[in-house]
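Structural overview
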Amino acid sequence: MKTLPVLTLALAAMLGCSAEANEAVIRKALAQHLPAHFPPVDEVRKSPIPGVFEVRFGTEIKYTDAKGEFLIDGDLIDLKTRKSLTQERVDKLTAVNFDSLPFKDAIVWKRGNGKQRVAVFADPNCGYCKRFERTLQELKDVTVYTFVIPILGSDSRDKSRDIWCAKDSSDAWLSWMLKNRLPEKVSGACDEAPLERNLAFARKYAIHGTPAVLFEDGTRAPGAIPLEALMERLAKAEKRS
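From a predicted model like this one, the values you see are computed outputs, not experimental measurements.

Here we look at the sheet that holds strand β10 (residues 212-215)
Taking strand neighbours across the sheet as the criterion, the five strands line up as β7-β9-β8-β10-β11 in an open arrangement whose pairing is mixed. Pairing within the sheet leaves two strands with one partner each, and these edge strands are β7 (107-111) and β11 (220-222). Adjacent strand axes in the sheet meet at a mean angle of 20 degrees, parallel and antiparallel pairs treated alike. In the sheet, β10 pairs with β11 via three bridges, with the strands oriented antiparallel.

Right under this line is the structure:
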């Protein structure tokens, strides 16, 4: 009976060595076969599928076999729960502490007591952002922080600059998004650094599309969320934060 713990430890050590060996083999194989422009491998770990390993490049997740001979690009779906395990992993890697957001670089407006808070990454040329902005207007007690990221259209940067540098950026943003009224062109000096910081933040946390919605509990959602779903997420986030 006393030998069982020893056997257990030996087995654990063997499995650990095997995992390390697989990682070394995979890293070496991928380094040899992937194109030079590919980013370096940051992490290799087992996936829920035997013989398939998760490979992480920054915040991007791909999969490979134990020898690193094949690379699988796509979502790993749990058919029992109908959830993307790949997206869950990316969400954990890119989770944002809401209170650590650079609020000084955001356009801010409030309704009612502003108790519930939400952050939105948006582009002035984004049609879905305009739709979502109208949805946000239907909330009663909320503070909305909009981080403008000019990523769509050739004139996104100009619109973003004119809105951000307007005398009242909140009014300028809402006028454009809700009424299609652009502010006057900004002449002279204007501090565009916040737009660059917003873009850098978006890249760091894998925000590739707009609108991207961040809640107080650190969860996030892509796209223009319908009002009912938005209210549910806000209430849930408020309880968890």
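There's plenty left to go through after this.
Topic: the pairing of strand β3 (residues 60-65)
Where burial is concerned, most of β3 is hidden: five out of the six residues are buried. Examined bridge by bridge, strand β2 (residues 52-57) and β3 share six bridges and lie antiparallel to one another. The residue bridging V52 from the neighbouring strand is D65, located in β3. As paired strands, β3 and strand β4 (residues 71-72) are joined by two bridges and run antiparallel to one another. When the sheet's bridge partners are listed, Y63 is paired in β4 with I72. A loop of five residues connects β3 with β4, the two strands running antiparallel in sequence, and G68 in this loop sits at a positive phi of about 70 degrees.

Digging into the sheet that holds β2
The sheet built from four strands is open, its strands ordered β1-β2-β3-β4 with antiparallel pairing. Strands with a single pairing partner mark the edges of an open sheet, and in this sheet they are β1 (43-46) and β4. Along the sheet, helix α2 (residues 85-93) contacts β1, β2 and β3; its crossing angle with β3, the most-contacted strand, is approximately 135 degrees.

Each value, and the rule that gives it
- Residues numbered from 1 in each chain as written.
- Predicted model: local features only at pLDDT ≥ 70, side-chain atom pairs only at ≥ 80, totals over all residues.
- Heavy atoms only, no water.
- Pairing = 2+ DSSP bridges.
- Helix = DSSP H or I, 4+ residues; strand = E, 2+ residues; numbered from the N terminus.
- Axes fitted to C-alpha atoms, helices over the stretch in contact; angles between N-to-C directions.
- Buried < 20%, exposed > 50% of the residue type's maximum accessible area, 1.4 Å probe, protein only.
- Contact = heavy atoms within 4.5 Å.

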